[in-house]
Amino acid sequence: MSELLSKKLKVALIQITAGSDKQANLAHAKEFILKALEKDSSIDLVILPECFNSPYSVTEFSKYAEKIPDGESTQFLSKLAKDQKILIVGGSIPELGDDGKIYNTSITFNRQGEIIGKHRKVHLFDIDIPNGITFKESITLTGGDKATTIELPEFGNIGEGICYDIRFPELATVAAREKNAFAMVYPGAFNTVTGPLHWHLLARSRAIDNQIFVVLVSPSRNLNLGYHAYGHSLIVDPNGNIIAEAGEDEEIVIAELDPELLKKTRAGIPITTQRRFDIYGDYTKKVEPRAI
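With an unreviewed UniProt entry as reference, the chain is termed CN hydrolase domain-containing protein, source organism Wickerhamomyces anomalus.

Here it is in structure tokens:
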């Protein structure tokens, strides 16, 4: 099995808010990515939040949906990655599939602007918390049908989920155990009800479960919008420690993922070699994760 993470990876999390103007949203994302690179020119990977090009609203997804790879948001990210020579995980956008259905989709680009990964949100956010929040993505969206692992050139494999996907540990386990992923990346828009309850807890749990880095990237909080994002984009290390975290407002978070920490964590607490599949089996053998 190949090395988990071949060298240190410098990551920038872009926590911004999207409004009703798609072109303005794209320009805003570019502005913050360039700001991040001005702060630190050694950044390798930039990650945007869920629905960075559109409002997070079931009544709006169809209006903003576009084809991949020909849509304007995909072309925008491709050019930005190529021009700046960076890796980009493009948060997520509403995608109009060839089947006419709408998906919540994340696209990843290499330094040449080529698509190297695509994840359609598998678990749709359909919840109803009394005196809290009711939100049903399935009114508009269709769920994806694949676990996603992406090979980052120079570094190794990452797994990806989108927001609600983090509540289902299986995706992270498949990526870490079957594809040797060193990290899970989750663009996500938890809200001010579910965020305080579980945002940090879930991120730390997925990291400890699999002894990997976990990266969550949220929109910033804007109380003038209909959906109030939690914010608090963060990076958790394989020991479950939060090594970088944003607040609620628009912000850039920069941190480094160190392969030595992965090695030390797994050597000290070797759960990856101590599992008893003779007792409880290995469910990851029953699925076929998608590799790009």
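K.L.:
Could you give an account of the overall build of the chain, naming the residues involved and the relevant values?
P.N.:
Helix and strand content of the chain: eight helices and 16 strands. Computed over C-alpha atoms, the radius of gyration of the chain comes to 18 Å, within 12% of the 19 Å expected from 2.2 N^0.38 for 292 residues, which places it in the range of a compact globule. A principal-axis box enclosing the C-alpha atoms of the chain has dimensions of 50 × 45 × 35 Å. Counting every position in the chain, which comprises 292 residues, the buried fraction comes to 57%. Here the analysis covers contacts within the chain between residues at least 6 apart in sequence; of these, 71% occur between residues at least 24 apart. For the chain, the exposed surface amounts to about 12300 Å²; the carbon and sulfur share of it is 50%.

K.L.:
Tell me about helix α3 (residues 72-84), residues and numbers included.
P.N.:
Across its 13 residues, α3 extends 18 Å between first and last C-alpha, which sits within 8% of the 18 Å expected from 1.5 Å per residue. Residues of α3 that are buried: S73, T74, F76, L77, S78, L80 and A81. At its buried positions, α3 is contacted by α1 (22-39), β3 (87-89), β4 (93-96), β5 (102-109) and β6 (115-120). Note on α3: the residue one or two positions beyond its end, K85, has a positive phi of about 55°.

K.L.:
Explain the environment of K136 to me, using residue names and the numbers behind them.
P.N.:
By secondary structure assignment, the location of K136 is in strand β8 (residues 133-136). The contacts of K136, once residues within four sequence positions are left out, are V58, F125, D126 and I127.

K.L.:
Account for the pairing of strand β1 (residues 9-15), naming residues and giving values.
P.N.:
For β1, the tally of buried residues reaches seven of seven residues, placing the bulk of the element in the interior. Judged by which residues are buried, β1 turns out to be covered on both faces: L9, V11, L13 and Q15 on one side and K10, A12 and I14 on the other are all buried. Judged from the seven bridges that link them, β1 and strand β15 (residues 251-257) form a sheet pairing that is antiparallel. Bridging from a neighbouring strand, Q15 pairs with E251 of β15. As judged from the three bridges shared by β1 and strand β2 (residues 45-47), these two strands associate in the parallel manner. Bridge pairing in β2 links L13 to I47. You can see the chain leave β1, run along α1 and come back into β2, and the turn it takes is right-handed.

Calculation notes
Residues numbered from 1 in each chain as written. Predicted model: local features only at pLDDT ≥ 70, side-chain atom pairs only at ≥ 80, totals over all residues. Heavy atoms only, no water. Helix = DSSP H or I, 4+ residues; strand = E, 2+ residues; numbered from the N terminus. Rg over C-alpha atoms; globule rule 2.2 N^0.38 Å. Buried < 20%, exposed > 50% of the residue type's maximum accessible area, 1.4 Å probe, protein only. Contact = heavy atoms within 4.5 Å. Areas by Shrake-Rupley, 256 points an atom, 1.4 Å probe, with all protein chains shown as cover. Expected span 1.5 Å × (residues − 1). Pairing = 2+ DSSP bridges. Right-handed = clockwise from strand over helix to strand, strands pointing away.

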